[in-house]
Amino acid sequence: MELLWVKGSGGDLATLTPAGLAALRLDRLRALASVYPGVDREDEMVAGFDYCLHGKEGAAPSIDTAMHGLVGAAHVDHLHPDSGIAIATAVDGEALTKKIFGDTVVWVPWRRPGFQLGLDIAAMKDANPQAIGCILGGHGITAWGDSSAECEGNSLHIIEAAAAYIAGHSRPEPFGPVLDRYAALPDQERRAKAAALAPTLRAIASHDKPMVGHYTDAEAVLDFLAHAEHPRLAKLGTSCPDHFLRTKVKPLVLDLPATASVEDAIARLTELHSAYRAEYQAYYDRNATRDSPAIRGADPLIILVPGVGMFSYGKDKQTARVAGEFYVNAINVMRGAEGLSTYAPIDESEKFRIEYWALEEAKLQRMPKPKPLATRIALVTGAASGIGKAIATRLAAEGACVVVADLDPDKAAAAAAEIGGTDVAVGLAADVTDEAAVRAAVDTTVLTFGGLDLVVNNAGLSLSKPLLETTVADWDLQHNVMAKGSFIVSKAAARVLIEQKLGGDIVYISSKNSIFAGPSNIAYSAAKADQAHQVRLLAAELGEHGVRVNGINPDGVVRGSGIFAGGWGAKRAAVYGVPEEELGAHYAKRTLLKREVLPEHVANAVFALCSADLSHTTGLHIPVDAGVTAAFLR
Ligand SMILES: NC(=O)c1ccc[n+]([C@@H]2O[C@H](COP(=O)([O-])OP(=O)(O)OC[C@H]3O[C@@H](n4cnc5c(N)ncnc54)[C@H](O)[C@@H]3O)[C@@H](O)[C@H]2O)c1
Ligand SMILES: [Zn+2]
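Now for a look at the structure at hand. All of these numbers come straight from a predicted model, not from anything done at the bench.

About the criteria used
- Residues numbered from 1 in each chain as written.
- Chains lettered and ligands numbered in written order.
- Predicted model: local features only at pLDDT ≥ 70, side-chain atom pairs only at ≥ 80, totals over all residues.
- Heavy atoms only, no water.
- Salt bridge = Lys/Arg side-chain N within 4 Å of Asp/Glu carboxyl O.
- Helix = DSSP H or I, 4+ residues; strand = E, 2+ residues; numbered from the N terminus.
- Buried < 20%, exposed > 50% of the residue type's maximum accessible area, 1.4 Å probe, protein only.
- Pairing = 2+ DSSP bridges.
- Axes fitted to C-alpha atoms, helices over the stretch in contact; angles between N-to-C directions.
- Contact = heavy atoms within 4.5 Å.
- Right-handed = clockwise from strand over helix to strand, strands pointing away.
- Phe/Tyr/Trp six-rings, centres within 6.5 Å; stacked < 30°, edge-to-face > 60°.
- Core = buried A, V, L, I, M, F, W, Y, C linked by side-chain atoms within 4.5 Å.
- Polar contact = N/O pair within 3.5 Å; in protein donor to acceptor, adjacent residues only side chain to side chain.
- Near = heavy atom within 4 Å.
- Areas by Shrake-Rupley, 256 points an atom, 1.4 Å probe, with all protein chains shown as cover.
- Parallel < 35°, antiparallel > 145°, perpendicular 65-115°, else oblique.
- Left-handed = near helix turned anticlockwise from the far one by under 90°.
- Nonpolar A, V, L, I, M, F, W, Y, C, P; charged D, E, K, R; others polar.

Brief notes about the pattern of salt bridges
Here's step 1: On inspection of all chains with the given rule, the structure shows 31 salt bridges.
Here's step 2: In this structure, Asp 187 and Arg 190 form a salt bridge, with 3.0 Å as the shortest nitrogen-oxygen distance. Taken as a pair, Asp 187 and Arg 190 lie in helix H8 (residues 187-205) at a separation of three residues, close to a single helical turn.
Here's step 3: For Asp 187, a relative accessible area of 56% gives the class exposed.
Here's step 4: In this structure, Glu 325 engages Arg 321 in a salt bridge whose closest nitrogen and oxygen atoms are separated by 3.1 Å. Remark: Arg 321 and Glu 325 occur in helix H13 (residues 317-340); sequence separation between them is four residues, near one turn of the helix.
Here's step 5: Salt bridges here are not isolated pairs; linked through shared partners, they connect Asp 187, Arg 190 and Asp 217.

Description of the sheet that holds strand E11 (residues 377-381)
Here's step 1: In space, the seven strands of this open sheet follow the order E13-E12-E11-E14-E15-E16-E17, with parallel pairing throughout. The strands lining the two open edges of the sheet, one partner per strand, are strand E13 (425-429) and strand E17 (621-624). Taken pair by pair, the neighbouring strands of this sheet meet at an average axis angle of 20°, ignoring direction.
Here's step 2: In this structure, E11 lies alongside strand E14 (residues 454-457), joined through three bridges in parallel fashion.

Brief notes about the side chain of Ser 510
Here's step 1: Mapped onto the elements of the fold, Ser 510 is located in the loop between strand E15 (504-509) and helix H20 (522-542).
Here's step 2: By relative accessible area, which is 2% here, Ser 510 ends up buried.
Here's step 3: For Ser 510, the residues in contact, after removing those within four places along its chain, are Lys 528, Gln 531, Ala 532, Ile 552, Asn 553, Pro 554 and His 621.

Observations regarding the pairing of E11
Here's step 1: For E11, a buried count of five out of five residues is recorded, marking the element as mostly surrounded by other parts of the structure.
Here's step 2: Taking every second residue as pointing to the same face, both faces of E11 are buried, with Ile 377, Leu 379 and Thr 381 on one and Ala 378 and Val 380 on the other.
Here's step 3: Inspection of the sheet shows E11 paired to strand E12 (residues 401-406) by five bridges, in the parallel sense. If you follow Ala 378 over to E12, its bridge partner there is Val 402.
Here's step 4: Considered for its hand, the β-α-β crossover made up of E11, helix H16 (residues 386-397) and E12 is right-handed.

Some points on the packing of aromatic side chains
Here's step 1: Summed over all chains, the structure comprises ten aromatic pairs.
Here's step 2: Pairing Tyr 280 with Tyr 283 gives two aromatic rings, centres 5.3 Å apart and planes at 55°, and the pair type is tilted. Within this pair, Tyr 280 and its partner Tyr 283 are both found in helix H12 (residues 262-287), separated by three residues, close to a single helical turn.
Here's step 3: Seen in terms of ring centroids, Tyr 283 and Phe 352 are 5.5 Å apart; in terms of plane orientation they differ by 75°. Their pairing is edge-to-face.

Topic: the nonpolar core
Here's step 1: Grouped together as the largest cluster of nonpolar side chains are 70 residues, with contacts concentrated most on Leu 201, Phe 311 and Val 549.
Here's step 2: Per-element tally for this core: the top contributor is helix H19 (residues 472-500), with nine residues.

Thoughts on the environment of Lys 528
Here's step 1: Checked against the element boundaries, Lys 528 lands in helix H20.
Here's step 2: Separated by 39 residues in sequence, Lys 528 and Gly 567 place their C-alpha atoms 20 Å apart.
Here's step 3: Beyond its immediate stretch of four places on either side in the chain, Lys 528 contacts Met 482, Ile 509, Ser 510, Ser 511 and Ser 514.
Here's step 4: At 2.9 Å, the side chain of Lys 528 and the backbone oxygen of Ile 509 are in polar contact.

Concerning the site of ligand 1
Here's step 1: Every one of the 26 residues lining ligand 1 counts as a neighbour, but Ser 385, Asp 406, Tyr 524, Ser 561 and Gly 562 are closest to it.
Here's step 2: A distance of 3.2 Å is found between an oxygen atom of ligand 1 and a backbone nitrogen or oxygen belonging to Ile 563.
Here's step 3: Coverage of ligand 1 by the protein chains reaches 91% of its 810 Å² of free accessible surface.
Here's step 4: Among the secondary structure elements, those contributing two or more residues to the shell around ligand 1 are H16, H20 and helix H21 (562-576).
Here's step 5: Sort the elements by how many residues they give to the shell around ligand 1 and H21 lands first, with three residues.

Remarks on the packing of H19 against H20
For any two helices packed against each other, the geometry comes down to the angle between their axes and how far apart the axes lie.
Here's step 1: Interhelical geometry of H19 versus H20 gives an angle of 15° and a closest axis separation of 8 Å. Comparing the axis directions of H19 and H20 gives the class roughly parallel. Crossing hand, H19 versus H20: right-handed. Counting all contacts with H19, which are made through Asp 474, Trp 475, Gln 478, His 479, Met 482, Ala 483, Ser 486, Phe 487, Ser 490, Ala 494 and Ile 498, the residues of H20 involved are Ile 522, Ala 523, Tyr 524, Ala 526, Ala 527, Lys 528, Asp 530, Gln 531, Gln 534, Leu 538 and Leu 542.
Here's step 2: For the contact of H19 with H20, the residue count by class is 13 nonpolar, six polar and three charged.

This is the structure in structure tokens:
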């Protein structure tokens, strides 16, 4: 019995595992052709794949299964290489295919992927036994071979021959002449302008639903935007069906030069956003039929800013990043096609049929429910250690993108790497007492993940001394890091939160000591009381922007805490006459619940404060101290 192994629907090759493949009996799959009711009902064939499945394991078969199974070859590759799509989207693609490949690679006119396209390619191959593959009009390439190596070799041949032909025959300026004042801004200015625009751009992309962002100033993007034809080409939109589902039909392009001020750019972007939404709605209305799925939101997923670069958006960082990568592919495709002839993507009605295809909608419906903090971007200060690290870990586990900020860049990066890959967590150095460093950290956050939603003021340190031994330096250090540091971080973050118009959360890790007058603790406890009052003040001030400001009062978190490990724990243990490793248990005995407080318990409270369940709570402190009567809030 012959089996077909094909990629699962919605899967991606870079992360493919055996479970991501579907296995089908080839004899049954090919027999489906005998009951095929015709192109108008080709979608019904997908249900037939279930009767071809071999075994119970494996993924739902890809929409392209028919192409891989019906073509009479042991191995079939289907790819979307830039050079291949450039030929596929050139207005004279068929003639170019003949010129480049003779009769070894055959042109197959555009057709939406599905059963009929599989039959078309199979018939073409039977009629052209010398062919090693085909150019799929408006779409990509398919190649075949008797072995995996032969098939791969044929794919590479098509890709390389098309690329070599483009390189050898392209006009010198495929995107037209250079535009005055549209050249890339110098590095620092470009980054600064990107960071200044990012909150507004995220607001634009997130009008219908919140999005995570990705920024790139890749050479290909800046070059495209610096040349005269970019507005016309961007309007034509992308073509490859597998790409524009992630990029939407077309991007939003800022029609101002690189030299425009941030204020002018923001004002114009706001106008362009309204126009984009109206146009997208009109596109939907023009093309939707009675059975079309509902409109999925009218905001752009790709925003292009001359001189600055590209912002792409998605439901998570990976989706946003891949959308950006696909648009870079689209730029390469347009350069290739325009270099040889004229770029001519598939018709709008065909784009709509793909975008709102019932099978694609089913794929979306199959997606797991998003995690509670999905699309939220968090910045946690002092997150390389102890409580901060536990908070960053928990927020990431609940679906947030997390920036781990701390004094030491290596420790911050190591903590981030423990939490996840760079689509989930990144580490950076930021001394919260340094306003410029904090601004830079917020800039990096918005350029890395597109914005900022959730700020945790956790950085801190403790020097417990009686009044007469407390130096002004002790006082200043603790007030600088905790009181002033939180103020600086909240201020830098609030600018982004307000511009984004998506609300947000600021959480302060205060302390039981912010209200409890413990012994020998004047500087630390006064700094904590300062932080605690910032919570109330900012809750009052930022409420109108939908920003909630709350705090946590932890106590006695010994395990994992750098504060306790740094000698303080030993001193406290000596004071209480217990071995240092029993200090946590000793603190537990003093509590009402007789439980030891761990960093994770503080992290749980941060999550609870930021979750939808406490959406109507601001200005609150939650004690996480296992119950300390003296620290009751009222
Ligand atoms: N451990 C407890 O029992 C306890 C109780 C109440 C409140 N807290 C508070 O919780 C927070 C975290 O404490 P922890 O116990 O996890 O301590 P920790 O020492 O393990 O972590 C604090 C982190 O803050 C960082 N940091 C210090 N100064 C900084 C600065 N200027 N800029 C940026 N980062 C800086 C440190 O490098 C460290 O990684 C602190 O604000 C602390 O006051 C702790
Ligand atoms: Zn495809």
